[in-house]
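# Chains, contacts and geometry: an overview
The residues making up each chain are set out below.
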Amino acid sequence: MNIALIAHDKKKPEIITFTTAYQNILEKHQLFATGTTGKKIADATGLSIVRFQSGPLGGDQQIGSKIADDQMDMVIFFRDPLTAQPHEPDITALLRLCDVHQIPVATNLAGAEIMIRALDRGDFNWRKVAKDERNQVE
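Residues numbered from 1 in each chain as written. Predicted model: local features only at pLDDT ≥ 70, side-chain atom pairs only at ≥ 80, totals over all residues. Heavy atoms only, no water.

The next subject is the overall build of the chain. Along its length, the chain carries seven helices and five strands. On C-alpha atoms alone, the chain measures out to a radius of gyration of 14 Å, which is about the 14 Å that the 2.2 N^0.38 rule sets for 138 residues. Each principal axis of the C-alpha atoms in the chain carries an extent, and together these give about 45 × 30 × 25 Å. A burial count over the chain gives 44% of its 138 residues as buried. Counted over contacts in the chain with a minimum sequence separation of 6, partners at least 24 positions apart contribute 69%. (Helix = DSSP H or I, 4+ residues; strand = E, 2+ residues; numbered from the N terminus. Rg over C-alpha atoms; globule rule 2.2 N^0.38 Å. Buried < 20%, exposed > 50% of the residue type's maximum accessible area, 1.4 Å probe, protein only. Contact = heavy atoms within 4.5 Å.)

Here the focus is the side chain of His 87. Structurally, His 87 can be placed in the loop between strand 4 (74-78) and helix 5 (88-100). A polar side-chain atom of His 87 sits 3.1 Å from a polar atom in the side chain of Asp 60. Apart from the residues within four sequence positions on either side, His 87 is in contact with His 8, Gly 55, Pro 56 and Asp 60. (Polar contact = N/O pair within 3.5 Å; in protein donor to acceptor, adjacent residues only side chain to side chain.)

Position of Asp 90 relative to the elements: it lies in helix 5. Despite its burial, Asp 90 pairs with no opposite charge; the closest candidate is Arg 96, at 12 Å N-O. Other than its neighbours up to four places away in sequence, Asp 90 contacts Gly 55, Asp 60 and Gln 61. (Lys, Arg positive; Asp, Glu negative; His and termini not counted. Salt bridge = Lys/Arg side-chain N within 4 Å of Asp/Glu carboxyl O.)

Dropping the structure here:
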């Protein structure tokens, strides 16, 4: 599965701890991340990560493009709800795309824990089945 990893500045330590704890699950999937978040995760875990621009420079929109093109299966986005973000419209657009395209998204550690354990159990295999069916129709 293609998984996007994003974290606001104050949440970067949290996503590094999360990805370290679940490295054995995440390494089985293709990982994508916004710039600084991806570098910090890769440095801490050794996981292979496709890095986009940083969020304020268009990284959120690049991930949104992958969602719109049916090339992203899950988004883990550790948001900081207590700090104003200068690129808030991009964040809102990204979350909207997740809703429009039925992409599971977690915006905090609790949701991410549930999603990663479900991923490990195979609960998201329906994404692959749906993609295969869409490809057969085209």
